[in-house]
Each structure stands twice: as C-alpha cells, then as structure tokens.
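So you can see what is in the structure, the chains are spelled out below.
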Amino acid sequence: MKFKILFLLIFISGFASAQLNINHYIRVGQTRISTANYVGAIENFNIVIKFKPQLPEPYFFRGLAKQQLEDFRGAIEDYDTAIKIKPYYPDAFINRGLAHLSLHEYAAAIADYNRALELAPRNAGIYNNRGIAKLSMKDVDGAIADYDKALDINSNFVNALINRSNANIVKGDTKEAIRDLNRAIIIRPHFASAYLLRGLARFELNDFASALRDFDQTIRLEPQNAFAYNNRGIVKQRLEDFQGAIMDYDLALQLDPTMPNAYFNRGIAKEVLGQPGFEEDYRIAAKLDPKLDIRRRPTEEEYYAQLQKQQSQSQSQSQSQSQSQSQSQSQALAQNGNQSNTTADPNNKNEGKTKEEEAAERARRRFRLSLADTRNIPNYDEEVDDGRVQNKNVIIELQHIFRIASFSENSVDYERLQYYSMALEELNKYNNYLPQMTITNKETADFTDSFQNNILYFNEKLKVNQSSENYLSRGIFKFLTRQYNEAMGDFDKSLKLDSKNLIAYFSRANCRVKMVELLESVPDLSQDLTISIGSGGSGNAAGTNEFLNDYREILGDYERCSKLDADFPFVYYNKAYILCKLDRYEEAIVSLNKAIDLQHDFAEAYFNRGLTKIYLDDVDGGAKDLSKAGELGIEEAYNIIKRYCN
C-alpha cells in the first residue's frame, strides 16, 4: 500500500512538473514576441503544440508571431485552429480579421469583426478596423459610421480620428478631414503622421503656407520621414522655389532611394532650371513606377479635355470638378505634357512670352508634379526591428539537395534538427558510430581537415576488409572533400560488391549532381539553381541540354533508390530538385508531395514545393507551403511570402 501511495505521489508530481514546463514554454514564447524574436517564439509554440495540441493559446500566439512576419495565410490557419478549439475567442477573431485585411480579403475581415463585436461590443478597436475594411470596399458612409462608434466609445482614439479623416477625404469633405486631424494633433501633439496627413489635406485646398508648416513639423518630429521631404519639395516647387525643392528631393532619396515620386519631381525641377540629370531621373521614376513613365502619359490638353467631358456628364463628379479648378494638384495628377516645352535656357525662358503664356506654363509645371500620398501609411507608430526577418534581402533559390555527411559532436550544426534514416542507421551501426554519418543539405566546408583524416582511417580499414560499406564510407568523405572522380570510383566499387546498397546509389547520384553543377558553373555562374518567380519562360533549359545524359543517370540512380526503399523521403526530394532544373515542375511537385507524405516535418520540401507552386502561378498554395517551411525553421520563406504572395 505504501508503494502504491508513493507511486501515485511521484506520478502526480511528474504531471505537475510537465504542466509547469508547458506554461513555461508559453510564457517564453510570449516574451519572445514582445522582444520581436518572432522566429524563436514560433519554435516555442511548436513545442507546446506538439505536447498539448488541445490548447487554443499556442495556436493563437503562433499566429501572432506569423502575422508580425507578414505570413498572413499561416497566421489565419493558426487562428482557425484556435477558434475551432475555443469558439468564443474575441482576440482570435480580431487578429484573423486583421490578417484578412492585410490580404485584401475585406468581406472575410468584416465577417470576423462582426463576430468579434458580438463577443466584445465595447471594443473601439474592432469598430476602427471594420471601418478600414468598409472603406476599402468603397462603403464610405459605413466606414464613417464605424469610426463614429469607435469615437463614441473612446473620444481620444487617435487612429479612429485619422481614419475618419481619410474617409472624409474620399467623400470630398477635406475641411471635415482637417478638423479630425486637428483633434488628433491636440490629443497627440508629437504624432508626426498626423501633421503629414494634415499637410496633404491642406495642400489639396491650395493652402500651401499651412501645408509647408505641417511638413516642417513632421520633419522636426521625424527627421527620417522621406515622404515629408518629398511633399515639402512639392510645396516649394509650387511656389517656384525649384532649387529648394531639389534639395528636399535629394534628402528624400537619401532616406529612400526607391521613391519614384521624388525622382520624378526632381526631374521636373531640374528640367525647369535647365540642370543636367533630369532625363535620368525620369528614367528611374518610370522604372520604379510605370505610371510615371512620361512616354505613356497623355498631354495636359488631353487630360483637361477628359476632365471637362466627365464634368459635363454628371454633377456627382463634383470632386473631379474641384480638382480641375485647382489644376488637379493632388496625388498621381502628374499627367505629363511634352517634355521639350521646358528645356529652354532658364535665363531666356520668358523671352517673347505674354504674361498669360507664362502663367499657363507655370500651371503646366505645377500640374505635372506627383504627390506622394501617404494616407495609407500605418496610423500608429510602427517600429521596424531586426526580428522581422521578412525584411532581409535573400537570394531566391531552391533549397539544395540532401546528401550524406558527418558532423563533429562539438560543431554548431550538430545541435540542429537532424533527419533520421533507417538505411543510414545501418551504415552507422556497421561503422560502430565512428565517424557518425548524418543526412543534411547544410554546408560542410569547415570540416575538411576532419574529413581528410576520415579518408586515411578508411584507407586502413580497406586494407583489412574491402567491404561495400567501407568503400561507401570512404567515397562519402572523398565527396565531402570535393574529390568527385575518386568518390565515384568508390561508389561504383561499393555497388559492385552490393548491388542493393541504397546509400551508395543515393551518394553516387548526389556526386553526379555536384559534378554537373561544377561544369555548368564554368560558362555561367548565375541561374542554375534559381527559380525565376513569376517568369513565364524556362530560364535554364538551354543550360541543361548539354548535360541531359548526366541528369538521366542521376534520375536513374534516384529511381533505383526508390525501388530499394519506397519510404526514403530524401530521394523524392532530391529527384524533385533535378526535375525543377529540367523545367519538369509538375513532376517535381508530385515528388515533393511524396517526400512530405513520408516526412511530415520536411521543411526544405515545403520550401521547394512552395517556390515551385509560385512559379506555376499557384500563389496561395505556394504561400501556405512557405508558411509551413518558415514555421519549421527556414527564415528565408518569410521574405518570399512578403515579396511575392501578399
């Protein structure tokens, strides 16, 4: 009896300890989110989900981390699971609505906000977000009603004031929009974005002096705001201070070299002053934004004729009429005239012209400006930090093939997740786990000296026992030290002794892949491994024709592997890699499907399948695969999701 009580106490204590550890992982994950370590947070919640899949919180918090990484589809899937477990979860509905909003799925966002309001009817933030979705669906009055409700609940809700000002701009009530921005500035006197937006509104009213003051204040509060410099330059240009405008455009482009408006407007100012470089500015602007291509824009006369026709059709177009009366100076009104009209010597540009002609020319110059409308900027101060790995520049290419390698127990990579293979385990048993083999697609160049010593070790073993396994092991280390021809010889000898040696076929195929890539790299180092996202052509077909026989031999060895062991996932993964190089993308996806069926946590397979789907224009499917790859630890996936899927 004593033994039973003691056993029960130990069991209860162990259970409590496990429960405590789960709570610890959740807390650590939440802390990582708060410190912007989103990838680390996902790792924590993966552990919790593995042991406690019935809890809604880890799915919710993992969704939050993915949302910060701009993996909105992945976040939605996690929120879906959290809501399925806990149907009355307002925070999950709110954040899922925001994810739908980010994907421009406005109806789905509104549905989520409606559900959230049933559970939390006094939450001003939900009304604010639903208003954004309604405005995006052109329901301006509905959006304003939601902003009104948010402000009834919280009269100092700055975001709602700013969003309502945007809605009033769309409605054509600029003065009412300015009143909301005034209130926002009274509540938050140091909110730079409010001054920037008010400057835009005042600009539309031709109140250039006030707009200039607002842009000055924006810059004082936020000296790194490129939009403010660009728009201040426009005001100066309107006031014909072209040199001052150029200085502001220069500052804007120092902060953001990818700002097309600043290049375009600087080109106009340089052209008016007769300064060199305006054509290059126009060229860069057109490359960054085709709408600013001066060759594709109608003349002023054509544009004004179009405006006049619109005004005569319906009185409901009063906003277009007012824009015409103010010479259409607001955003994207830079419909270009003939550039040659303003290339004369600035010292003689007014010679022989009447005052009316000079005024008309000034109007044309003003008209051509391109305003950087920032009304869609975030309505809160958003900090960009290193945790947002989606902002890092990455080379978009397939994850490389898996091969047999060996890591020292003291190496950094030894602690990484290592995939398990029964066939490899048999080889390790034969070698008595010294050296221990693993399967990886990571670089192993740092271990070359160790691998050379292993070659010497197997040289001695082969003097005693010329077995298939010993030739295979020596071949692996010759392959790792880039002695490819000698490695091929060892793999051939291994297979001659044992024609059913799966790892030998696998290693021989991988060795051929490296040899072909080495040969391919001689004439052209650029694009053998890279899938050109969104390209319609077969980018590397010409480069692979020369090596078709080699690829057939590689695929032949992989086929032999799959016949020897149909459950070896890495052969399907590697085969898919080769099929992609041969532009056989549909076949590659079939192979990757098989690899993932066999190895459910196969991050690299999800990544490559995601890239391949995007190449085949299945953006939604590709984004979901890349989300899974990111969840399993491949950070580059988040950058590709941001660039090509959102």
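What counts, and where the lines are drawn
- Residues numbered from 1 in each chain as written.
- Predicted model: local features only at pLDDT ≥ 70, side-chain atom pairs only at ≥ 80, totals over all residues.
- Heavy atoms only, no water.
- Helix = DSSP H or I, 4+ residues; strand = E, 2+ residues; numbered from the N terminus.
- Buried < 20%, exposed > 50% of the residue type's maximum accessible area, 1.4 Å probe, protein only.
- Contact = heavy atoms within 4.5 Å.
- Areas by Shrake-Rupley, 256 points an atom, 1.4 Å probe, with all protein chains shown as cover.
- UniProt positions renumbered as here; feature names shortened; annotations may be inferred.
- Patch = residues over 30% accessible without salt bridge, like charges linked within 9 Å, V, L, I, M, F, W, Y side chains within 5 Å.
- Salt bridge = Lys/Arg side-chain N within 4 Å of Asp/Glu carboxyl O.
- Lys, Arg positive; Asp, Glu negative; His and termini not counted.
- Charge placed at Lys NZ, Arg CZ, Asp CG, Glu CD.
- Pairing = 2+ DSSP bridges.
- Phe/Tyr/Trp six-rings, centres within 6.5 Å; stacked < 30°, edge-to-face > 60°.
- Lys NZ or Arg CZ within 6 Å of the ring centre and 35° of its normal.
- Core = buried A, V, L, I, M, F, W, Y, C linked by side-chain atoms within 4.5 Å.
- Domains from an automatic or database assignment.
- Expected span 1.5 Å × (residues − 1).
- Axes fitted to C-alpha atoms, helices over the stretch in contact; angles between N-to-C directions.
- Parallel < 35°, antiparallel > 145°, perpendicular 65-115°, else oblique.
- Left-handed = near helix turned anticlockwise from the far one by under 90°.
- Nonpolar A, V, L, I, M, F, W, Y, C, P; charged D, E, K, R; others polar.

Within an unreviewed UniProt entry, the label attached to the protein reads Tetratricopeptide repeat protein, and the organism entered is Mangrovibacterium marinum.

Visitor: Can you lay out the overall build of the protein for me, pointing to particular residues and giving the numbers?
Guide: Of regular secondary structure, the protein possesses 31 helices and 2 strands. Burial statistics for the protein: of 646 residues in total, 50% are counted as buried. For the protein, long-range pairs separated by at least 24 residues make up 62% of all intrachain contacts whose partners lie at least 6 apart in sequence. As displayed, the protein offers around 31,600 Å² of accessible surface, 50% of which is attributable to carbon and sulfur atoms.

Visitor: Help me get a handle on the environment of I94, residues and values and all.
Guide: Mapped onto the fold, I94 is located in helix α5 (residues 90-102). Taking relative accessible area as the criterion, I94 reaches 16% and is therefore assigned buried. Taking C-alpha positions, I94 is 9.4 Å from N114, a pair spaced 20 residues apart along the chain. If we skip the residues at most four places from it in the chain, I94 touches Y113, A116, N123 and I126.

Visitor: If you had to explain the UniProt feature "repeat: TPR" (unreviewed entry) in the protein to someone new, which residues and values would you point to?
Guide: In this numbering, the UniProt entry assigns the feature "repeat: TPR" (unreviewed entry) to residues 56-89, 90-123, 124-157, 192-225, 226-259 and 468-501. Regarding residues 124-157, the helix share stands at 79% and the strand share at 0%, and the terminal C-alpha atoms are separated by 8 Å. From the first C-alpha to the last, residues 192-225 spans 9 Å; its make-up is 79% helix and 0% strand.

Visitor: Just give me the short version of a nonpolar patch on the surface, but keep the residues and values in it.
Guide: A grouping of Y25, I47 and F51 is seen on the molecular surface, where their side chains present a nonpolar patch of about 280 Å² in accessible area. Of note, I47 is situated in helix α2 (residues 38-51).

Visitor: So, a negative patch on the surface: which residues are in play, and what are the values?
Guide: A surface patch of like charges, here negative, comprises E43, E397, E635 and E636. Residue placement: E636 occurs in helix α31 (residues 636-644).

Visitor: Tell me about the pairing of strand β1 (residues 403-406), and please be specific about residues and values.
Guide: Side chains of β1 alternate between two faces, with R403 and A405 and I404 and S406 buried alike. With 4 bridges joining them, β1 and strand β2 (residues 437-440) adopt antiparallel strand pairing. Bridge pairing in β2 links R403 to T440.

Visitor: Quick one: what's the story with the pattern of salt bridges, residue by residue and with numbers?
Guide: Considering all chains together, one arrives at 42 salt bridges under this definition. Put simply, D214 and R198 hold a salt bridge, and the shortest N to O gap is 2.8 Å. In this pair, D214 is assigned in helix α12 (residues 208-221) and R198 in helix α11 (residues 192-204), connecting sequence segments 16 residues apart. Take D214 and R198: they sit in the same class, and that class is buried. Between D214 and R202 there is a salt bridge whose closest N-O contact spans 3.0 Å. Pair noted here: D214 is in helix α12 and R202 is in helix α11, with a separation of 12 residues, a long-range link. R202 matches D214 in its accessibility class, with the two residues each being buried. In this structure, a network of salt bridges that share partners links the residues D492, R508, R512, E553, D557 and R560.

Visitor: Tell me about the packing of aromatic side chains, residues and numbers included.
Guide: If you walk through the whole model with that rule in mind, you get 21 aromatic pairs. When the ring of F60 is compared with that of Y79, the centres are 5.9 Å apart and the planes differ by 45°; the resulting orientation is tilted. Residue F60 is located in helix α3 (residues 57-68), and its partner Y79 is located in helix α4 (residues 72-85); the two are separated by 19 residues in the primary sequence. Of the two residues, F60 and Y79, both sit in the buried class. Between F506 and Y558 the ring centres are 6.2 Å apart and the planes differ by 50°, which places this aromatic pair in the tilted class. Of this pair, F506 sits in helix α24 (residues 502-520) while Y558 sits in helix α26 (residues 548-564), placing them 52 residues apart in sequence. Like Y558, F506 is buried. Put simply, the rings of F402, F506, Y558, F568, F570, Y573 and F602 pair up and form one aromatic cluster. In this structure, K86 is placed above the aromatic ring of Y89, and the distance from its NZ or CZ to the ring centre is 4.2 Å. The ring of F191 is capped by R188, whose NZ or CZ atom sits 4.1 Å from the centre of that ring.

Visitor: Can you break down the nonpolar core residue by residue, with the values?
Guide: One finds I439, Y558 and I578 to be the most contacted residues of the largest nonpolar core, which totals 125 residues. Structurally, this core is a two-domain feature, drawing no fewer than three residues from each of domain 1 (22-235) and domain 3 (411-530 + 542-645). Within the second largest apolar cluster, 28 residues are counted, among which are A226, Y229, F264 and A269.

Visitor: Pulling in residues and values, what's your account of α12?
Guide: The end-to-end C-alpha distance of α12, which contains 14 residues, comes to 20 Å, matching closely the 20 Å that a straight helix rising 1.5 Å per residue would cover. Burial in α12 covers these residues: F208, S210, A211, D214, F215, T218 and I219. Looking at the buried residues of α12, the elements they touch are α11 and α13 (226-238).

Visitor: Run through the environment of P90, naming residues and quoting values.
Guide: Along the polypeptide, P90 turns up in helix α5. Taking the C-alpha atoms as reference, P90 lies 6.0 Å from L119; in sequence the two are 29 residues apart.

Visitor: Which residues make up the packing of α4 against α5, and what values go with them?
Guide: Here α4 crosses α5 at 155°, and the two axes come no closer than 9 Å. One element, α4, and the other, α5, form an angle in the roughly antiparallel class. Considering how the two elements wind past one another, α4 and α5 form a crossing that is left-handed. Residue-level contacts link F72, I76, Y79, D80 and I83 of α4 to A92, F93, N95, R96, A99, H100 and S102 of α5. Its residues assigned to classes, the contact of α4 with α5 comprises 7 nonpolar, 3 polar and 2 charged.

Visitor: Account for unusual backbone geometry, naming residues and giving values.
Guide: The linkage connecting L434 with the following residue, P435, adopts the cis geometry, with an omega of -5°. With respect to the helices and strands, P435 occurs in the loop between α20 (422-430) and β2. Phi at H104 is positive, roughly 65°, even though this residue is not glycine. Here H104 shows up in the loop between α5 and α6 (106-119). Overall, the relative accessible area of 52% leaves H104 in the exposed class. Unlike most non-glycine residues, D617 shows phi in positive territory, near 70°. Its place among the elements puts D617 in the loop between α29 (603-615) and α30 (619-631). Taking relative accessible area as the criterion, D617 reaches 62% and is therefore assigned exposed.

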